[in-house]
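For reference, the chains in residue letters:
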Amino acid sequence: MTPLLTADFERRFARGPTIQAALRRPVDSFSVTALIGPSGCGKTTVLRCLAGLDRPSSGKISFGDEVWNDGASGTNLPPQRRGIGYLVQEYALFPHLTVAGNIAFGLAQADRAQVQQRVAELLSLLQLDGLDARYPHELSGGQQQRVALARTVAPRPRLLFLDEPLSALDAPTRAELRQMLRRLLAEWQIPAIVVTHDPVEVAALADEVVVMSAGRVRQSGPVAEVLNNPVDADVARIVGSA
Amino acid sequence: MDWTAFRLTLSVASCTTAILFALGLPLAAWLARPGGRWRFLIETVVALPLVLPPTVLGFYILWAAGPRTLPGQWYETIFGSRLPFTFQGIVLASVLYNLPFAVRPFAAALAAVDRQLIEASWCLGVSRLATFRRVTFPLAWRGILAGLVLTFAHAVGEFGVVLMVGGNIPGVTRTLSVSIYEDVQALDYASAAHSSLVLVAFAFAVLSLVHLLERKPRSA
């Protein structure tokens, strides 16, 4: 049996919409899943629930044979114990730490030599050589983005959540990083779920796509299939094939 | 000037500041979290000493610490003495009275730390306590230090509640502000003027320091 990430939950807000998620993704092999939808459709809420930063009102999330969240039994694993990586749109780099300090942040501090080696390896892989002593405010947007990515993957997470990873960048940098991102994810073999509102990113990054609109999943499947056979005009508009 | 009172004042203020750092920081961290339906009640209780007359607080401390109430009896069984008119008594009074001067700046400083940074740390597998130590505290320390300095300064100047709970025992509960009151009662204006000038100079220095701390040196 393939280990799966299965999520079937609802997140209700007191004065706001109800977000429903239904997701099944294999997590023992590499694949990138894009979660696409217009802004405000609940993509980020779904990602936050998966990461353990928000709590579903009801339903269940499991990862292989681990139960991450179960509304019925009240189980809710904190993000620290899910073994995941989460990258936000604004990067959230620690302003009081250097580039090296940021990248090493999630690594167990025990073995200093090993930490230094891992940091050096990521610095060169993400073309950040020579920037290790800089502070985040001394970096360009593209550099900050790569530091944030390095920091997220440094502890070797089992699953990556990327929330609009390229949206805060200018167009040329975005195009450059889009290609780099797909190549790196494939190299690391870390399955990823990427939230985006940009159909170009879906085509360039993802294998599978989940289309959300107004708080619910409208269609999901392999990218080509969804692009070629959208279930309705709404989905077609969101994935840009209308 | 009454040097015994001066030293006593510094010890009361130091103890108050140390205790409020230890107790006020967790309380402020709890208050700075988002959400919480009943949080406003705790916020109100913390802010009460700002508006209550010190005599009211002093009266309740005397009542609670007296020999006829449970807390007072427990204290006497454990420590073998009573709280009112002792050094420990005025420290307790000073801690309660200065609660808002520590907790409110702490909570403001902690709440100003970007929530995304804290969540990023959790997602990197770092525990809540370690996240506080490695992210929240380093980013909020200026505001926390400003709160500590303000608490210390305010504790130095405390008068009403100290007089209520501690009385006016030289070397035990007679702080500088109480000694000024005593000097004026005894028509010793020279000594009162001396002590007052010391307190003014001290307050000026402390408030300058707080304002310097609150001025951000660099933005990230």
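The structure this text deals with has already been given above.
The structure presented is a predicted model; accordingly, all values stated were derived computationally and were not measured.

A. Spatial organisation of the packing of helix α7 (residues 128-156) of chain B against helix α10 (residues 189-214) of chain B. All names here are of chain B. At a closest axis distance of 9 Å, the pairing of α7 and α10 adopts a crossing angle of 165°. Classified by the angle their axes make, α7 and α10 are roughly antiparallel. The element α7 and its partner α10 pack so that their crossing is left-handed. For the pair formed by α7 and α10, the contact residues are R142, L145, A146, V149, L150, A153 and V156 on the first element and F202, A203, V206, L209, V210, L213 and E214 on the second.

B. Spatial organisation of the interface of chain A and chain B. Across the contact, 19 residues belong to chain A and 15 residues belong to chain B. Sort the elements by how many residues they give to the side of chain A that touches chain B and strand β7 (residues 84-87) of chain A lands first, with 3 residues. Each residue belonging to the side of chain A that touches chain B can be placed in one class, and the counts come to 13 nonpolar, 5 polar and 1 charged.

C. Molecular detail of the sheet that holds strand β8 (residues 159-163) of chain A. Residues and elements named next belong to chain A. Read across the sheet, 6 strands follow the order β7-β8-β9-β3-β10-β11 without closing on themselves; strand pairing throughout is mixed. Either end of the sheet is taken by a strand with one partner, and the two such strands are β7 and β11 (216-222). When strand polarity is set aside, the average angle formed by the axes of neighbouring strands in this sheet is 15°. Pairing of strand β3 (residues 32-36) with strand β9 (residues 192-196), which is carried by 5 bridges, proceeds in the parallel orientation.

D. Looking closely at the pairing of strand β5 (residues 66-70) of chain A. Residues and elements named next belong to chain A. Inspection of the sheet shows strand β4 (residues 58-63) paired to β5 by 4 bridges, in the antiparallel sense. Note on β5: the bridge partner recorded for S62 is V67. The hairpin turn running from β4 into β5, its antiparallel successor, is 2 residues long, and G64 in that turn takes a positive phi close to 55°. Pairing geometry for β5 and strand β6 (residues 75-76), over 2 bridges, is antiparallel. Opposite N69, over in β6, you have N76 as the bridge partner.

Conventions we followed
- Residues numbered from 1 in each chain as written.
- Chains lettered and ligands numbered in written order.
- Predicted model: local features only at pLDDT ≥ 70, side-chain atom pairs only at ≥ 80, totals over all residues.
- Axes fitted to C-alpha atoms, helices over the stretch in contact; angles between N-to-C directions.
- Helix = DSSP H or I, 4+ residues; strand = E, 2+ residues; numbered from the N terminus.
- Parallel < 35°, antiparallel > 145°, perpendicular 65-115°, else oblique.
- Left-handed = near helix turned anticlockwise from the far one by under 90°.
- Contact = placed C-beta atoms within 7 Å.
- Nonpolar A, V, L, I, M, F, W, Y, C, P; charged D, E, K, R; others polar.
- Pairing = 2+ DSSP bridges.

Spatial relationships are all this shows, so hold off on functional conclusions.
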